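So you can see what is in the structure, the chains are spelled out below.
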Amino acid sequence: MTAEREPFRIPIGPQHPSLKEPGHFEFSVDGEIVTQASLRLGYVHRGIEKGAEQRSWVQALYLLERVCGICSHVHATAYCLGVEKLAGVEAPPRAQAIRSLVAELERIHSHLLWLGVAAHEAGFDMLFMHSWRDRETVMNLLEGITGNRVNYSANLLGGVKCDIDQRLADAIRAGLDYLEERTQHYLDVVLNDALFLRRTRGIGVMSREDAERLGVVGPTARASGVARDVRVDAPYAAYRTLPVQIVTEMAGDLQARFIVRVRELFETYRLIRTLLDTLPEGELTVRIPRRIPPGEAISRVEAPRGELFYYLKSNGSDQPERIKIRTPTLPNFASVLVLTVGRQLADVPMILAGIDPCFSCNDRMVAIHDTGEGRDRRWTWEQLRQHGIEVYR
Amino acid sequence: MEFNKTWQDMLEQLKTWARVNSPWAIHFNSGSCNGCDIEILATLTPRYDMERFGLKLQGSPRHADVLICTGPVTRQARDRLIRIYEQMPDPKFVIAVGSCALSGGAFQGCYNILGGIDQVLPVDVYVPGCPPRPEAIIDGVVKLLEQLKAGYQPAARRSGVLRPVPVPVTDAG
Ligand code: SF4
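### Quick word on the overall build of chain B
Thinking step 1. Within chain B, the regular secondary structure consists of six helices and seven strands.
Thinking step 2. With 173 residues in all, chain B has 54% of them scored as buried.
Thinking step 3. Counting contacts in chain B only where the partners sit at least 6 residues apart, residues at least 24 apart contribute 80% of the total.
Thinking step 4. Here chain B displays about 7,700 Å² of accessible surface, and carbon together with sulfur accounts for 55% of that area.

### Quick notes on the overall build of chain A
Thinking step 1. When its secondary structure is counted, chain A shows 15 helices and eight strands.
Thinking step 2. Put simply, of all contacts in chain A between residues at least 6 apart along the chain, 71% involve residues at least 24 apart.
Thinking step 3. Summed over its atoms, the accessible surface of chain A is roughly 16,200 Å², and 52% of this surface lies on carbon and sulfur atoms.

### Some thoughts on the site of the ligand
Thinking step 1. Surveying the vicinity of the ligand reveals the residues A:Arg66, A:Asn151, B:Ser32, B:Cys33, B:Gly35, B:Cys36, B:Gly98, B:Ser99, B:Cys100, B:Gly129, B:Cys130 and B:Pro131.
Thinking step 2. Around the ligand, the neighbouring residues derive from chains A and B rather than from a single chain.

### Comments concerning the packing of aromatic side chains
Residues and elements named next belong to chain A.
Thinking step 1. Taken as a whole, this structure holds seven aromatic pairs over all chains when the rule is applied.
Thinking step 2. Taking 4.8 Å as the distance between ring centres and 45 degrees as the angle between the ring planes, the aromatic pair formed by tryptophan 114 and phenylalanine 258 counts as tilted. Here the residue tryptophan 114 occupies a position in helix H4 (residues 93–121), and phenylalanine 258 occupies one in helix H11 (residues 254–277), the gap between them amounting to 144 residues. Residues tryptophan 114 and phenylalanine 258 agree in their burial class; the two are buried.
Thinking step 3. Ring geometry for phenylalanine 266 and tyrosine 269: centres 6.2 Å apart, planes at 90 degrees, overall edge-to-face. Here the residue phenylalanine 266 and the residue tyrosine 269 both occupy positions in helix H11, the gap between them amounting to three residues, near one helical turn.

### What about the interface of chain A and chain B?
Thinking step 1. On the side of chain B, 47 residues touch chain A, which itself brings 47 residues to the contact.
Thinking step 2. Both faces combined, the contact of chain A with chain B buries some 3,800 Å², and carbon together with sulfur accounts for 58% of it.
Thinking step 3. Note that B:Arg133 is salt-bridged to A:Glu143, the shortest N-O span being 2.4 Å.
Thinking step 4. One can count 11 residue pairs in polar contact (both at pLDDT 80 or more) joining chain A with chain B.
Thinking step 5. Mapped onto the side of chain A that touches chain B, the elements with two or more residues apiece are helix H1 (48–53), H4, helix H5 (125–146) and helix H15 (381–392) of chain A.
Thinking step 6. In terms of residue count, the dominant contributor to the side of chain A that touches chain B is H5(A) (nine residues).
Thinking step 7. Of the residues contributing to the side of chain A that touches chain B, the split by class is 22 nonpolar, 12 polar and 13 charged.

### Considerations on the packing of helix H6 (residues 166–192) of chain A against H11(A)
All names here are of chain A.
Thinking step 1. Taken N-terminus to C-terminus, the directions of H6 and H11 make an angle of 160 degrees; their axes are 10 Å apart at the nearest point. It follows from the interaxial angle that H6 and H11 lie roughly antiparallel. Our pair here, H6 against H11, has a crossing hand that is left-handed. Between H6 and H11, the contacting residues are Ala169, Ile172, Arg173, Leu176, Asp177, Leu179, Glu180, Thr183, Gln184, Leu187, Val190 and Leu191 on the first element and Gln255, Phe258, Ile259, Val262, Arg263, Leu265, Phe266, Tyr269, Ile272, Arg273, Leu276 and Asp277 on the second.
Thinking step 2. A per-class count over the contact of H6 with H11 returns 15 nonpolar, three polar and six charged.

### A look at the nonpolar core
Thinking step 1. By size, the foremost hydrophobic cluster in this structure holds 134 residues, and its most contacted members are A:Tyr79, A:Ile108, A:Ile145, A:Ile164, A:Ile172, A:Phe258 and A:Tyr310.
Thinking step 2. For this core, the element with the highest residue contribution is H4(A), accounting for 14 residues.
Thinking step 3. When sequence neighbours within four positions are dropped, the list of residues in contact with A:Phe258 reads A:Trp114, A:Leu115, A:Ala118, A:Val190, A:Phe196, A:Thr200 and A:Met350.
Thinking step 4. Counting residues in hydrophobic clusters, the runner-up holds 19 residues, among them B:Cys69, B:Leu81, B:Ile117 and B:Val120.

### Considering the environment of A:Thr327
All names here are of chain A.
Thinking step 1. On the secondary structure map, threonine 327 appears in the loop between strand E8 (320–326) and helix H12 (329–339).
Thinking step 2. Take threonine 327: its relative accessible area is 2%, and that puts it in the buried class.
Thinking step 3. Taking C-alpha positions, threonine 327 is 9.8 Å from valine 67, a pair spaced 260 residues apart along the chain.

### Quick notes on the sheet that holds strand E7 (residues 125–127) of chain B
All names here are of chain B.
Thinking step 1. Taking strand neighbours across the sheet as the criterion, the five strands line up as E2-E1-E3-E5-E7 in an open arrangement whose pairing is parallel. The open sheet has two edge strands, strand E2 (56–57) and E7, and neither has a second partner.
Thinking step 2. In this structure, strand E1 (residues 24–29) lies alongside strand E3 (residues 66–70), joined through five bridges in parallel fashion. If you follow alanine 25 over to E3, its bridge partner there is valine 66.

### Examining the pairing of strand E3 (residues 33–40) of chain A
Each regular strand displays side chains that alternate between the two surfaces of the sheet.
Residue and element names in this part refer to chain A.
Thinking step 1. The pairing of strand E2 (residues 24–30) with E3 spans seven bridges and is classified as antiparallel. Note that in E3 the partner of serine 28 across the bridge is glutamine 36.
Thinking step 2. Following E2, the chain reverses through two residues before pairing antiparallel with E3; glycine 31 in that reversal takes a positive phi of roughly 65 degrees.

### Some remarks on the packing of helix H2 (residues 35–44) of chain B against helix H5 (residues 134–149) of chain B
All names here are of chain B.
Thinking step 1. At a closest axis distance of 9 Å, the pairing of H2 and H5 adopts a crossing angle of 75 degrees. Taken together, H2 and H5 sit at an angle that is classed as roughly perpendicular. Side by side, H2 and H5 meet where Glu39, Ile40, Ala42 and Thr43 of the first sit next to Pro134, Ile137 and Ile138 of the second.
Thinking step 2. Its residues assigned to classes, the contact of H2 with H5 comprises five nonpolar, one polar and one charged.

### Some points on H2(B)
Thinking step 1. Most of H2(B) sits inside the fold, with 10 of its 10 residues counted as buried.
Thinking step 2. Buried residues of H2(B): B:Gly35, B:Cys36, B:Asp37, B:Ile38, B:Glu39, B:Ile40, B:Leu41, B:Ala42, B:Thr43 and B:Leu44, and no others.

### Some thoughts on a nonpolar patch on the surface
Residues and elements named next belong to chain B.
Thinking step 1. On the surface, Leu11, Leu14 and Trp17 cluster together into a nonpolar patch covering about 360 Å² of accessible area.
Thinking step 2. Secondary-structure assignment places leucine 11 in helix H1 (residues 7–21).
Thinking step 3. Judged by relative accessible area, which is 45%, leucine 11 ranks as partly exposed.

### Here's the deal with the side chain of A:Ser335
Thinking step 1. With respect to the secondary-structure elements, A:Ser335 resides in helix H12.
Thinking step 2. Each residue touching A:Ser335, except ones within four places of it in the same chain, is listed here: A:Met206, A:Leu214, A:Val216 and A:Ile355.

### Let's talk about the confidence of the model for chain B
Residue and element names in this part refer to chain B.
Thinking step 1. In this model, chain B carries an average pLDDT of 81, and 86% of its residues clear a pLDDT of 70 or more.
Thinking step 2. Low confidence marks residues 164–173, where pLDDT is under 50. Its contacts with residues over four positions away, or in another chain, come to 20 contacts.
Thinking step 3. Both confidence scores are given for the complex: pTM 0.86, ipTM 0.82.

### A short note on the sheet that holds strand E1 (residues 8–12) of chain A
Residues and elements named next belong to chain A.
Thinking step 1. Read from one edge of the open sheet, three strands run E1-E2-E3, paired in antiparallel fashion. Both edges of this open sheet fall to E1 and E3, since each of them pairs with a single strand only. Averaged over all adjacent pairs, the angle separating strand axes in this sheet is 20 degrees, with direction ignored.

What counts, and at which threshold
- Residues numbered from 1 in each chain as written.
- Chains lettered and ligands numbered in written order.
- Predicted model: local features only at pLDDT ≥ 70, side-chain atom pairs only at ≥ 80, totals over all residues.
- Heavy atoms only, no water.
- Helix = DSSP H or I, 4+ residues; strand = E, 2+ residues; numbered from the N terminus.
- Buried < 20%, exposed > 50% of the residue type's maximum accessible area, 1.4 Å probe, protein only.
- Contact = heavy atoms within 4.5 Å.
- Areas by Shrake-Rupley, 256 points an atom, 1.4 Å probe, with all protein chains shown as cover.
- Near = heavy atom within 4 Å.
- Phe/Tyr/Trp six-rings, centres within 6.5 Å; stacked < 30°, edge-to-face > 60°.
- Buried area = accessible area lost by both parts, 1.4 Å probe.
- Salt bridge = Lys/Arg side-chain N within 4 Å of Asp/Glu carboxyl O.
- Polar contact = N/O pair within 3.5 Å; in protein donor to acceptor, adjacent residues only side chain to side chain.
- Nonpolar A, V, L, I, M, F, W, Y, C, P; charged D, E, K, R; others polar.
- Axes fitted to C-alpha atoms, helices over the stretch in contact; angles between N-to-C directions.
- Parallel < 35°, antiparallel > 145°, perpendicular 65-115°, else oblique.
- Left-handed = near helix turned anticlockwise from the far one by under 90°.
- Core = buried A, V, L, I, M, F, W, Y, C linked by side-chain atoms within 4.5 Å.
- Pairing = 2+ DSSP bridges.
- Patch = residues over 30% accessible without salt bridge, like charges linked within 9 Å, V, L, I, M, F, W, Y side chains within 5 Å.
- pLDDT = per-residue confidence, 0-100.

As structure tokens, then:
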């Protein structure tokens, strides 16, 4: 035997052909099999949490909406709910219902977007084009309600700024009818298409125990049989009076993640219809003080990708003292690093797409995985500062 | 074509013709909220279908004529952005998409933000909006192509900065 071979390392990113967002991966491979995976994030770290501290409570809303363009509404909702809790006010019922309605429409747009991107990873561009074409339906609805296709700014502190009239409600119902029919087709593809099954069935299997140990959230967890959904566990906004059925699958493989998301679309259609039928009458906003009383608040909402967590701290002034955001992709990333080991390199893009990663959501902090040396590197504050200055000059 | 044209000129004309008819583009997100990214993707899909102008989005900077940038430039992404730009063959064009790419947008004043794309690269087309509608992005691309037909020189050449900013050597990977 010769000396042990150096593992072959494949760096991917930050600019890469498949995902549209920058992230850097390094895979060690033995032949075609991945033996080690590591990840480097932070290319989209913009310093939003710090930036929000320099803005007033109202201005911070628009900054936080731009944490992520795909799920901007849930970020704003989480923030508004937190601030309202701090200020001791509650948005009127109609505003709560509209919040949930827009959030569910956003879930449709996000899931269809994901379906397309994931199909593209599998080399199934037909499905990509189809699902994105259908997604335009819901983009139209969102634009009709709020006036913008992305970053809709539907929320205000203490309410919402857009109303739903009869015409809009009819348009939404018509859109949903069309989408429901199409979703039936997608479910059929996901369940039965022979080529698609070969890329998804039995790949990236995560058992229920693993899912619980890794702390994954959202559809990724639900595909492994963990019935976890903030809309049910800790209802907020209109979900307090609107029961949500959790969609779970037991298989834990990639196919299960597809099925869960597509089935969730049906549940979302049902929720939107119920919301439209039972839309309470009344005001859209309540007054909220400019200076928020001192205190701390936590707010959790269910983003399309899982649990989104906000921590807010106020010192009684008109600016936040501290805002901490934990996005769903962060816990889900850990599962990718575990699941890819032992798999074919060709499966990696699919496994990665399976968690529906969102880098711009994610880059709140940078984690350094020092895989080579096998020990933790600890730096003092001074060293860290020095390193920062040297790297960025 | 006139008779007294040199071969050089004819070759240039041929190259422009080819370039205008099928520019290849590469997309890089240097810190965007991905709102702009999904709108760029949407331009490729059936309703908007940017490919009818010959523009194709593909993976490698070495094959690209047009760099479509979204988002403000973060400190981390700056070096990568410059590296990608330098790998592209000359002549190359830069389209900045979104308010962030124009000026830093909503993220102005955040500590990790350098500002718009033009802080780092010479930009040819600016497309404003947060995010710009797919129609606006297509309009930006078409404007660039029309300008090319009229003999437009890339911003990089006009300003004489072919190497944008010296890339600091880092060991950060
Ligand atoms: S311009 Fe708006 S949508 Fe585009 S990256 Fe910036 S914040 Fe996001």
